[in-house]
Amino acid sequence: MPRYLHLGHRPLLNCSWSRPCLLKQYLFTMKLQSPEFQSLVTEGLKSLTELFVKENHELRIAGEAVGDLLNGVKPQDVYFATTATPAQMKEMFWSAGIRMINNKGEKHGITARLHEENFEITTLLIDVLTDGRQEFTTDWQKDTKCRDLTFNSMFLGFDDTLFDYFNGYEDLINKKVQFVGHAKQRIQEDYPQILRYFRFYGSIVEKPGYHDPETLEAIAENAKGLAGISGERIWVELKKILVGNHINHLILLIYDLDVAPYIGLPANASLGKFNKVSKNVEGFSPKPMTLLASLFKVRDDVTKLDLRLKISKEDKNLGLFIVKNRNDLIKATDSSEPLKLYQDFIIASRESDVTTCVCELLKYQGEHCLLKEMQQWSVPPFPISGHDIIKTGISSRKEIGALLQQLQEQWKKSGYQMEKDELLSYIKKN
C-alpha cells in the first residue's frame, strides 16, 4: 500500500514498499514512485531504455541523482550506469543511427544524443587490487565498492526499483555522510573525495558537528594528496562547498585538518572575518568568491589562489575587487543618501561587471537594504557628449575633456537628475 517516506521531518515522496530483498548479502530494494522521477522520463530516455532492453543490457540511474530523487528534488544532472561495455554501446548506437559525443575518446563510457538530449552512460567497474587498474563488470554490487559515499552508491531502475548495497538510503534518512567501506581506501583512490565529503556534508547534514573519527583521521592523513590534483578539479568542488550549508563549520574543519594549503587557501587566513561574512551573506545567494574573499588579507592572496586553481577571470576580478574596496567603499553613515557612494563608483567605472561586483560587496558587508536598492537601480546615461560641447563653440580637445569631467561632477551632485539643457547652461554660466 502506498505510504509517505519521511526524510527528515516532512513527507517528500510517495513510495510503495517491496519486501526487503537480500538478493545479495547487503542488497536492499524498494519501489520509488515520485513526480520528480516521472519528470525525467522524456522521449529521449524512453528510446534509450527501449534500446538497452532490446539488446539485453541493463541500464540504471546512478549516483547523486538517486539521492536527489529520494529527497524529492529533481536532479540537475543525471548519469547512467550499464552492464554494456563502451565497445558494445558504440556498436549498438551506430546500428541504431544514434549520434555519440566524443565517441572516439571513450574510456569508461559513452555520451549518446537522442531527441536533442545528451545521456552520459558509464560501464560498471571493479578495482583490480594488484595494480590499481579498473576493469569492466556486469556485477552491480562490485561496482558500488568503487563508489565514494554510501548514498551515491545507489541505483534506480526504470521499473521504479531502488537498489541499495551499502545502507545509503538509511544514511540519507539519518543525514549521515559515510564513505563506502574504509574512508582511507576511498580517499587514496581519488583524493578529491575529501572535498566531496565536505560538499555532501553541507548538503545532507541538518546540524553541523558530528563526524566519524575514522573519516577525519583519513582526511588529515591524506590531505597532502590533493597537492597533485589539478586546480580545475579542486575549484569545481570548492565552489560547491562554498554555496552549501554549514560553510563556516566546514572551512574551519578544512583548516583544522590541514587541507587548506593543498587547495590554494592562504595559511594566515582571516577565519574570524570569514565567520562574520558567512553570516552576512546567509540567504542572499553570494558568489563563491564573495565568501572566499573574506579569507584573504591582501590582493596577492587572490593571485596565489588563481595560480593554484586556475579560476576564471570573472572570479579573480571579483576577489581582487572585494579585497581592494571592502574597507573604503562603505555606506556613508552621515548622509541621507547612503547608496550614493556606491552609485558614484559605478558611474565612474569603465568595467562592464562593476554593478555585479558592487552587489557582491554589499552582500559581503551585510548591507541588505542597500543591496535591495542597488538591485532596483539602473545606471542612468550621462546626457552630455563631446559633440554637444563642440556645438557651444569649444574645439580644444583638452578643454572638452576638462569640461566633460566638470559636468559629470555636477551631474553626480544633482543625484543624476540634471538634464542636457541644464548642463549646457552650466557651461555658459562658467
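Scroll up to find the structure this text is about.
First, a word on scope: everything that follows refers to the structure included in this document. All figures in this text were calculated on a predicted structure; none of them were measured in a lab. (Residues numbered from 1 in each chain as written. Predicted model: local features only at pLDDT ≥ 70, side-chain atom pairs only at ≥ 80, totals over all residues. Heavy atoms only, no water.)

What to know about the overall build of the chain
Now for step 1: Within the chain, the regular secondary structure consists of 21 helices and twelve strands.
Now for step 2: Radius of gyration (C-alpha) of the chain: 28 Å, far over the 22 Å computed for a compact globule of 430 residues.
Now for step 3: Summarising its shape, the C-alpha atoms of the chain cover approximately 90 × 50 × 45 Å along the three principal directions.
Now for step 4: With 430 residues in all, the chain has 48% of them scored as buried.
Now for step 5: Partitioning the intrachain contacts of the chain with sequence separation of at least 6 by distance along the chain shows that 62% fall at a separation of at least 24.
Now for step 6: Working note: accessible area of the chain is about 22,700 Å², and carbon and sulfur atoms make up 49% of it.
Now for step 7: Of the side chains in the chain, 55 bear a positive and 56 a negative charge, and the two mean positions are spaced by 4 Å. (Helix = DSSP H or I, 4+ residues; strand = E, 2+ residues; numbered from the N terminus. Rg over C-alpha atoms; globule rule 2.2 N^0.38 Å. Buried < 20%, exposed > 50% of the residue type's maximum accessible area, 1.4 Å probe, protein only. Contact = heavy atoms within 4.5 Å. Areas by Shrake-Rupley, 256 points an atom, 1.4 Å probe, with all protein chains shown as cover. Lys, Arg positive; Asp, Glu negative; His and termini not counted. Charge placed at Lys NZ, Arg CZ, Asp CG, Glu CD.)

Some words on the packing of helix α14 (residues 299–309) against helix α15 (residues 313–325)
Now for step 1: Here α14 crosses α15 at 165°, and the two axes come no closer than 9 Å. Between α14 and α15, the crossing angle belongs to the class labelled roughly antiparallel. Helix-helix and strand crossings are classified by hand; for α14 and α15 the assignment is right-handed. Residue-level inspection shows Arg299, Val302 and Asp306 of α14 in contact with α15, the latter providing Lys316, Gly319, Leu320, Val323 and Lys324.
Now for step 2: Looking at the contact of α14 with α15 residue by residue, the class counts come to three nonpolar, one polar and four charged. (Axes fitted to C-alpha atoms, helices over the stretch in contact; angles between N-to-C directions. Parallel < 35°, antiparallel > 145°, perpendicular 65-115°, else oblique. Left-handed = near helix turned anticlockwise from the far one by under 90°. Nonpolar A, V, L, I, M, F, W, Y, C, P; charged D, E, K, R; others polar.)

With respect to helix α9 (residues 213–222)
Now for step 1: Those residues of α9 lying buried are Thr215, Leu216, Ala218, Ile219 and Asn222. Angular distribution of buried residues about the axis of α9 spans 160°; they occupy a single face of the element.
Now for step 2: Taken together, the buried residues of α9 touch α7 (183–189), α8 (193–204) and α11 (247–256). (Arc of directions from axis to C-beta.)

Considering the packing of helix α20 (residues 397–413) against helix α21 (residues 420–429)
Now for step 1: Packing of α20 against α21 brings their axes to within 11 Å, and their N-to-C directions diverge by 125°. On the basis of the axis angle, α20 is oblique to α21. For the crossing formed where α20 meets α21, the hand is right-handed. Contacts between α20 and α21 involve Leu403, Gln406, Leu407, Gln410 and Trp411 from the former and Leu423, Tyr426 and Ile427 from the latter.
Now for step 2: Its residues assigned to classes, the contact of α20 with α21 comprises six nonpolar, two polar and no charged.

Section: the environment of Ser203
Now for step 1: Along the polypeptide, Ser203 turns up in helix α8.
Now for step 2: Separated by 43 residues in sequence, Ser203 and His246 have C-alpha atoms that sit 8.6 Å apart.

Digging into the pattern of salt bridges
Now for step 1: Following the criterion strictly, the structure yields 19 salt bridges and no others.
Now for step 2: Among the salt bridges present, the one from Lys340 reaches Asp344, with a minimum N-O distance of 3.0 Å. Residue Lys340 and its partner Asp344 are both found in helix α16 (residues 340–348); the two are separated by four residues, about one turn of the helix. The same class applies to Lys340 and to Asp344, which are both buried.
Now for step 3: Here the salt bridges do not stand alone but share partners, grouping Glu64, Asp148, Arg196, Arg199 and Glu237 into one network. (Salt bridge = Lys/Arg side-chain N within 4 Å of Asp/Glu carboxyl O.)

Observations regarding the nonpolar core
Now for step 1: Membership of the largest hydrophobic core comes to 101 residues, with the highest contact counts inside it found for Phe93, Phe198, Val259, Leu265 and Leu292.
Now for step 2: Apart from residues lying up to four places away in sequence, Phe93 is in contact with Leu48, Leu51, Phe52, Ile98, Met100, Ile110, Ala112 and Ile121.
Now for step 3: Among the nonpolar cores identified, the runner-up in size contains 13 residues, and Ile384, Ile389, Ile394 and Ile400 belong to it. (Core = buried A, V, L, I, M, F, W, Y, C linked by side-chain atoms within 4.5 Å.)

Observations concerning the side chain of Glu237
Now for step 1: Its place among the elements puts Glu237 in helix α10 (residues 231–242).
Now for step 2: Excluding residues that lie within four positions of it along the chain, Glu237 makes contacts with Leu195, Arg196 and Arg199.

Some points on unusual backbone geometry
Now for step 1: Non-glycine residue Asp160 carries a positive phi angle of around 75°.
Now for step 2: Tracing the chain through its elements places Asp160 in the loop between β11 (155–156) and β12 (161–164).
Now for step 3: Overall, Asp160 belongs to the buried group, its relative accessible area being 16%.
Now for step 4: Of note in the backbone geometry, Ser285 takes a positive phi value of approximately 50° without being a glycine.
Now for step 5: Relative to the elements of secondary structure, Ser285 occurs in the loop between α12 (271–280) and α13 (288–292).

Focus: the packing of aromatic side chains
Now for step 1: One pass over the full model with this rule turns up twelve aromatic pairs.
Now for step 2: Through successive ring pairs, a cluster of aromatic residues spans Phe179, Tyr197, Phe198 and Tyr201.
Now for step 3: Across the ring face of Trp140, the terminal group of Arg60 is positioned such that the distance to the ring centre comes to 4.0 Å.
Now for step 4: If you follow Arg60 out to its NZ or CZ, it ends over the ring of Phe163, 3.6 Å from the centre. (Phe/Tyr/Trp six-rings, centres within 6.5 Å; stacked < 30°, edge-to-face > 60°. Lys NZ or Arg CZ within 6 Å of the ring centre and 35° of its normal.)

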